[in-house]
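# Descriptive analysis of the structure
Chain residues, written in single-letter form:
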Amino acid sequence: MELPGVKEIHVVSCVIKDGDQILFLKRSAKVGTFQGYWSAVSGFIEVGETPLETAIKEVREETCIVSEPVRSAEPFRVREKNTIWVIHPFLFEEPNCTVQIDWEHTEYKWVKVEETTGYTCVPGLDIVYRLLGL
């Protein structure tokens, strides 16, 4: 059912895990949404791309990590004002990886999932963690 004035946007949310820690990224002022929020690697699913293709591409672009996910979860919806985000979760496991962030983020840190609760995070990030079994 279409809702007047509400748009639905499909995105990937890619958690990168090293042991018991995950990569936590702070979004820059140069991105279109949720500037200054903490998140996983994320990106819009382009026309003609599958969620898997987008996930692999975004991880490579945003972190310089070339990898494939070890797990995914069913997409879910989160409404934020007049946007319904359809989030496709993916988990990448990369022990001892080197991260090189791009312009979309200002900083990153390795944290345990339970340490992310005190931060301002993008909507649905806690659901991504739960659905991926983290």
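This text gives an overview of the structure that appears in the document. Just so it is clear, the model here is predicted, and its values are computed rather than measured.

## Some points on the overall build of the protein
For the protein, the count of helices and strands is 2 helices and 8 strands. When the backbone C-alpha atoms are referred to their principal axes, the protein occupies close to 45 × 30 × 30 Å. The buried share of the protein, reckoned over its 134 residues, is 45%. Put simply, of all contacts in the protein between residues at least 6 apart along the chain, 70% involve residues at least 24 apart. Within the structure as shown, the protein displays about 7,400 Å² of accessible surface, and the carbon and sulfur contribution to it stands at 50%. One finds the centroid of the 14 positive side-chain charges in the protein at a distance of 6 Å from the centroid of its 21 negative side-chain charges.

## Here's the deal with the environment of Phe90
Residue position: Phe90 is located in strand β7 (residues 83–93). The exposure class assigned to Phe90 is buried, which follows from its relative accessible area of 8%. The sequence separation of Phe90 and Val70 amounts to 20 residues, and the corresponding C-alpha distance is 7.8 Å. Here Phe90 is in contact with Val12, Ser13, Cys14, Val15, Pro51, Leu52, Ala55, Pro69, Arg71, Ser72 and Leu132, once residues within four sequence places are set aside.

## Quick word on unusual backbone geometry
A positive phi angle is found at Phe34, which is not glycine, with a value near 55 degrees. With respect to the element layout, Phe34 can be found in the loop between β2 (21–27) and β3 (38–39). Positive phi, close to 55 degrees, is recorded for Asn96, a residue that is not glycine. Since its relative accessible area comes to 71%, Asn96 is described here as exposed.

## Digging into the pairing of strand β6 (residues 76–80)
Examined bridge by bridge, β6 and β7 share 5 bridges and lie antiparallel to one another. Across the sheet, Glu80 pairs through a bridge with Thr83, a residue of β7. Following β6, the chain reverses through 2 residues before pairing antiparallel with β7; Lys81 in that reversal takes a positive phi of roughly 60 degrees.

## So, the side chain of Thr63
With respect to the helices and strands, Thr63 occurs in helix α1 (residues 51–63). Within the structure, Thr63 has its side chain in polar contact with the backbone oxygen of Val59 (distance 2.5 Å). In contact with Thr63, other than residues within four places in its own chain, are Ile16, Leu23, Val41, Glu58, Thr98, Val99 and Gln100.

## Regarding the layout of surface pockets
One number sums up the size of the largest pocket: a volume of about 450 Å³. Taken together, 24 residues form the lining of the largest pocket, with Val11, Arg27, Thr33, Ser42 and Gly43 sitting closest to its centre. Partitioning the lining of the largest pocket into residue classes produces 12 nonpolar, 7 polar and 5 charged.

## Examining the packing of aromatic side chains
To describe a pair of aromatic rings, you give the distance between the ring centres and the angle between the ring planes. As enumerated under the stated definition, the model contains 6 aromatic pairs in all. When the ring of Phe34 is compared with that of Tyr37, the centres are 5.3 Å apart and the planes differ by 65 degrees; the resulting orientation is edge-to-face. Given a relative accessible area of 16%, Phe34 falls into the buried group. Both rings, one in Phe44 and one in Trp85, keep their centres 6.2 Å apart while their planes meet at 35 degrees; by these two values the pair is tilted. Of this pair, Phe44 sits in strand β4 (residues 41–44) while Trp85 sits in strand β7, and the two are 41 residues apart along the sequence.

Cut-offs used in this document
Residues numbered from 1 in each chain as written. Predicted model: local features only at pLDDT ≥ 70, side-chain atom pairs only at ≥ 80, totals over all residues. Heavy atoms only, no water. Helix = DSSP H or I, 4+ residues; strand = E, 2+ residues; numbered from the N terminus. Buried < 20%, exposed > 50% of the residue type's maximum accessible area, 1.4 Å probe, protein only. Contact = heavy atoms within 4.5 Å. Areas by Shrake-Rupley, 256 points an atom, 1.4 Å probe, with all protein chains shown as cover. Lys, Arg positive; Asp, Glu negative; His and termini not counted. Charge placed at Lys NZ, Arg CZ, Asp CG, Glu CD. Pairing = 2+ DSSP bridges. Polar contact = N/O pair within 3.5 Å; in protein donor to acceptor, adjacent residues only side chain to side chain. 1 Å grid on protein atoms, 1.4 Å probe; cavity = no way out; pocket = protein on both sides within 12 Å on 5 of 7 lines; lining within 4 Å. Points joined across faces, edges and corners; volume = space filled by probe spheres on them. Nonpolar A, V, L, I, M, F, W, Y, C, P; charged D, E, K, R; others polar. Phe/Tyr/Trp six-rings, centres within 6.5 Å; stacked < 30°, edge-to-face > 60°.

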